[in-house]
Amino acid sequence: MKLRTLLFAVLAAAAGAAQATDLSKSMLLVAKPELVDQLYGSSVLVVTPVGADQHVGFIINRPTELVLGELFPEDAPAQKVVDPVYLGGPLRSDAIFALVERTQSPGGQSFELMPGLYVALDADTVDRIIRTEPNHARFVAGLVLWRGGELRTEIERGAWYVLPPDASVALRNPSQGLWEELVRVSQMRANSI
């Protein structure tokens, strides 16, 4: 009887781990404390699949020293945005994207990263968000792309905790211990499996 209970516990843990790494859906990635990397160490990302086991994501807890008003000195609406621009990732770091919390698409070249969170990719849509709803957005420079299978390999090697999508996390102030809190949540989830 004890062997059957042990076998059930092992199978349940394996099923839970497999479900936690379902990469066909949007997710939050939280860098494990063991991930020592200047860019990705202590990072939190919002990530979504884009097909063929490829993923796109944005780091949400790396504020820069810049604000939109410094990047666009002639743009009056940009002068009113006091939050810093965040480093979203190493690719296309010369482009500003808007992560915007809303129930419907902001239009233009945008797509849903996770329920309740869209990313605007084109300058016209980003400008419209700056003018009309900057308090519901985080402006990021750059993004992260994973080629087919890369994210799966990183997770299997133990670089990331995977959490369910939560749009509200994307706009939280990271200076209030966001990464540390999500590491604790992730460790508690891992220990309960």
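Conventions and cut-offs
Residues numbered from 1 in each chain as written. Predicted model: local features only at pLDDT ≥ 70, side-chain atom pairs only at ≥ 80, totals over all residues. Heavy atoms only, no water. Helix = DSSP H or I, 4+ residues; strand = E, 2+ residues; numbered from the N terminus. Buried < 20%, exposed > 50% of the residue type's maximum accessible area, 1.4 Å probe, protein only. Contact = heavy atoms within 4.5 Å. Areas by Shrake-Rupley, 256 points an atom, 1.4 Å probe, with all protein chains shown as cover. pLDDT = per-residue confidence, 0-100. Arc of directions from axis to C-beta. Salt bridge = Lys/Arg side-chain N within 4 Å of Asp/Glu carboxyl O. Patch = residues over 30% accessible without salt bridge, like charges linked within 9 Å, V, L, I, M, F, W, Y side chains within 5 Å. Core = buried A, V, L, I, M, F, W, Y, C linked by side-chain atoms within 4.5 Å. Polar contact = N/O pair within 3.5 Å; in protein donor to acceptor, adjacent residues only side chain to side chain. Pairing = 2+ DSSP bridges. Expected span 1.5 Å × (residues − 1).

Caption draft 1: Region of interest: the overall build of the chain. Helix and strand content of the chain: 6 helices and 10 strands. Split into buried and exposed, the 193 residues of the chain put 42% on the buried side. A separation of at least 24 residues holds for 63% of the contacts in the chain among residues at least 6 apart in sequence. Surface summary for the chain: the accessible area is close to 10800 Å², and the carbon and sulfur share equals 54%.

Caption draft 2: Examining the confidence of the model for the chain more closely. Confidence along the chain averages 89 in pLDDT terms, with 89% of residues attaining 70 or more. For the stretch residues 1-20, pLDDT sits under 50, and the model shows 4 contacts to residues farther than four places along the chain or on other chains.

Caption draft 3: Representation of helix α4 (residues 123-132) in the model. Of all the residues in α4, the buried ones are Thr-125, Val-126, Ile-129 and Ile-130. Down the axis of α4, the buried side of the element spans an arc of 145°, and every buried residue falls inside it. Seen from the open side of α4, the exposed residues pointing more than 90 degrees away from its buried face are Ala-123, Asp-124, Arg-131 and Thr-132. Where α4 is buried, its residues contact α2 (68-71), α3 (76-79), β6 (91-101), β8 (117-120) and β9 (137-146).

Caption draft 4: The arrangement of the pattern of salt bridges in detail. Tallied over the full model, the rule gives 6 salt bridges. For Arg-92, the salt bridge identified is with Asp-94, shortest N-O distance 3.8 Å. The two residues Arg-92 and Asp-94 agree in class, both being exposed. Across the salt bridge formed by Glu-181 and Arg-172, the nearest N and O atoms sit 2.6 Å from each other.

Caption draft 5: Here's a closer look at a nonpolar patch on the surface. A surface patch of nonpolar side chains, about 230 Å² in accessible area, is lined by Leu-66, Leu-71 and Phe-72. With respect to the helices and strands, the residue Leu-71 is situated in helix α2.

Caption draft 6: View of the nonpolar core. If you look at the biggest cluster of nonpolar residues, it comprises 42 residues, and the most contacted ones within it are Leu-29, Val-46, Phe-58, Leu-99, Leu-151 and Trp-160. A per-element tally of this core places strand β1 (residues 27-31) first, with 5 residues. The residues contacting Val-46, other than those within four sequence positions of it, are Met-27, Leu-28, Val-56, Gly-57, Phe-58, Ile-60, Leu-99, Leu-113, Met-114, Leu-117 and Ala-170. With 15 residues, the next largest nonpolar core counts Ile-96, Tyr-118, Ile-130 and Ala-141 among its residues.

Caption draft 7: Seen up close, the side chain of His-55. In this fold, His-55 is placed in strand β3 (residues 54-59). Polar side-chain contacts of His-55 include one of 2.8 Å to the backbone oxygen of Leu-23. For His-55, the residues in contact, after removing those within four places along its chain, are Leu-23, Met-27, Val-47, Thr-48, Pro-49, Val-50, Val-144, Leu-145, Trp-146 and Leu-151.

Caption draft 8: The pairing of strand β10 (residues 160-163), seen in detail. Alternating positions in β10 separate into two faces, Trp-160 and Val-162 on one and Tyr-161 and Leu-163 on the other, with burial throughout. For β1 and β10, the ladder comprises 4 bridges, and the chain directions are antiparallel. Note that in β10 the partner of Leu-28 across the bridge is Leu-163.

Caption draft 9: Molecular detail of helix α6 (residues 178-192). Relative to the 21 Å expected for 15 residues at 1.5 Å per residue, α6 spans 21 Å between its end C-alpha atoms, a close match to the ideal helical length. Among the residues of α6, those classed as buried are Leu-178, Trp-179, Leu-182, Val-183 and Ser-186. Take α6 and look down its axis: the buried residues cluster within an arc of 125°, on one side only. Facing away from the buried side of α6 by more than 90 degrees, the exposed set consists of Met-188, Asn-191 and Ser-192. Contact partners of the buried residues in α6: β1, β2 (44-51) and β10.

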